[in-house]
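# Descriptive analysis of the structure
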Amino acid sequence: MNQQTDSDFRNWAKAISLNNRDAFSDFFRSTYDRYLRYACRFVSDRNEAADLVQDAFVSIWTNRSSLNAEKSMKSYMYTIVRNLCLNFIRDHQSKVTDLNQAGALTIHQETEIDDPVDIEELLSELVEQLPERQREAFELSRFDGLTHDEIADIMELSPRTVNNHLVAALKTLRAEATILLNSKEVA
């Protein structure tokens, strides 16, 4: 996967704001997967997530004349995708099942760490148990490689609050990992 630079996003924003369809097509092809992965964190149905990401790209094209190359188009796109996903969840609330209400067990009650291949899955499950805002900040930082400032724009928080969410998320993940490792040693 080719990692795009801030310069790429500025160039795309400038060109798209000037109705350059080739730039928009390049922006779409280069970034679609990143935004789809992000949408899938909110919406479990990949087809629905794909539709929402498509809507986000349509929004960029529709509002292209108001794009500001000096503002982060990457953050702007994440914000659009996030808002579309949250609106979708709100509008389809009856279809979303809350795992806590379904009586889901915590990770350290149901997970065995006998197979080292499960570490990635275990991390994913631990991240899923984080409070919503901590999880979102952690995923944007660690999985998408965004800066604190970019995350702050997306989540509509101050960079300091983003940092606090990340520190709390890491503390929780370390604590859960310690519990798991200690329970394995006792067993």
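Parameters at a glance
Here, residues in each chain are numbered from 1, in the same order as that chain's written sequence. Local features in this predicted model are restricted to residues whose pLDDT is 70 or higher, and side-chain atom pairs enter the listing and the counts only when it is 80 or higher, whereas totals over whole chains, interfaces and linings include all residues. Water and hydrogen atoms were dropped before computing side-chain values, which therefore reflect all heavy atoms in the structure. For the purposes of this section, nonpolar cores are sets of buried Ala, Val, Leu, Ile, Met, Phe, Trp, Tyr and Cys residues that join through side-chain atoms within 4.5 Å. The buried label goes to any residue with under 20% of its type's maximum accessible area, the exposed label to any with over 50%, and the partly exposed label to all in between, with areas taken from a 1.4 Å probe on protein chains only. A run of DSSP states H or I qualifies as a helix once it reaches four residues; a run of E qualifies as a strand once it reaches two. Both are numbered from the N-terminal end. Contacts: residue pairs with any heavy atoms within 4.5 Å of one another. The working definition used for a salt bridge is a side-chain nitrogen of Lys or Arg within 4 Å of a carboxyl oxygen of Asp or Glu. Pairing of N or O atoms within 3.5 Å defines a polar contact, subject to two protein rules: one partner must be a possible hydrogen donor and the other a possible acceptor, and residues neighboring in sequence count only if both atoms are side-chain atoms. Paired rings are identified among Phe, Tyr and Trp, the last through its six-membered ring, by centres lying within 6.5 Å, and are further divided according to the angle between planes into stacked (under 30 degrees), edge-to-face (over 60) and tilted (the rest).

### Focus on the nonpolar core
- Core analysis: the largest hydrophobic core is formed by 50 residues, its most contacted members being Ile16, Phe27 and Val81.
- Broken down by secondary-structure element, the contributors of at least two residues to this core are helix H1 (6-17), helix H2 (21-42), helix H3 (46-62), helix H4 (73-91), helix H6 (119-128), helix H7 (132-143), helix H8 (148-155) and helix H9 (159-186).
- Tallying contributions element by element places H2 first for this core, with 9 residues.
- Ignoring sequence-local partners within four residues, the contact set of Phe27 consists of Phe9, Trp12, Ile16, Tyr32, Phe57, Ile60, Met73 and Met77.

### Structural notes on the pattern of salt bridges
- Inspection of the entire model under this criterion finds 7 salt bridges.
- For Asp144, the salt bridge goes to Arg41, with nearest N and O atoms at 3.0 Å. Here Asp144 is found in the loop between H7 and H8, whereas its partner Arg41 is found in helix H2, with 103 residues between them in sequence.
- Across the salt bridge formed by Lys74 and Glu150, the nearest N and O atoms sit 3.4 Å from each other. Taken as a pair, Lys74 in helix H4 and Glu150 in helix H8 lie far apart in primary sequence, 76 residues in all. Just as Lys74 is buried, Glu150 falls in that class too.
- What emerges from the salt-bridge pattern is a single network uniting Asp6, Lys74 and Glu150.

### Side note on the side chain of Asp144
- On the accessibility criterion, Asp144 (7% relative accessible area) is buried.
- A distance of 3.0 Å separates a polar atom in the side chain of Asp144 from a polar atom in the side chain of Arg41.
- In this view, Asp144 contacts Tyr38, Arg41, Tyr78 and Glu139; residues no more than four positions away in its chain are not counted.

### Focus on the environment of Glu70
- Among the secondary structure elements, Glu70 is positioned in the loop between H3 and H4.
- With relative accessibility at 66%, the residue Glu70 sits in the exposed group.

### Quick notes on the packing of aromatic side chains
- Evaluated as defined, the whole model comprises 14 aromatic pairs.
- With 6.3 Å between their ring centres and 80 degrees between their planes, Phe9 and Phe27 make a pair best called edge-to-face. Taken together, the residues Phe9 in helix H1 and Phe27 in helix H2 connect sequence positions 18 residues apart.
- Look at Phe27 and you get buried, because its relative accessible area is 0%.
- A centroid spacing of 5.8 Å and a plane angle of 85 degrees characterise the contact between Phe138 and Phe143, whose relative ring orientation is edge-to-face.
- According to the relative accessible area criterion, Phe143 is partly exposed, its value standing at 43%.
- Ring-pair connections join several aromatic residues into one group, and the members of that group are Phe9, Trp12, Phe24, Phe27, Phe28, Tyr32, Tyr35, Tyr38, Phe42, Phe57, Trp61 and Tyr78.

### Remarks on unusual backbone geometry
- Positive phi is not limited to glycine here, since Asn19 has a value of about 70 degrees.
- The class for Asn19 is partly exposed, based on a relative accessible area of 47%.
- The residue Glu156 is not glycine, and still its phi comes out positive at about 55 degrees.
- In this fold, Glu156 is placed in the loop between H8 and H9.
- Take Glu156: its relative accessible area is 62%, and that puts it in the exposed class.

In short, shape yes, function no, at least from these values alone.
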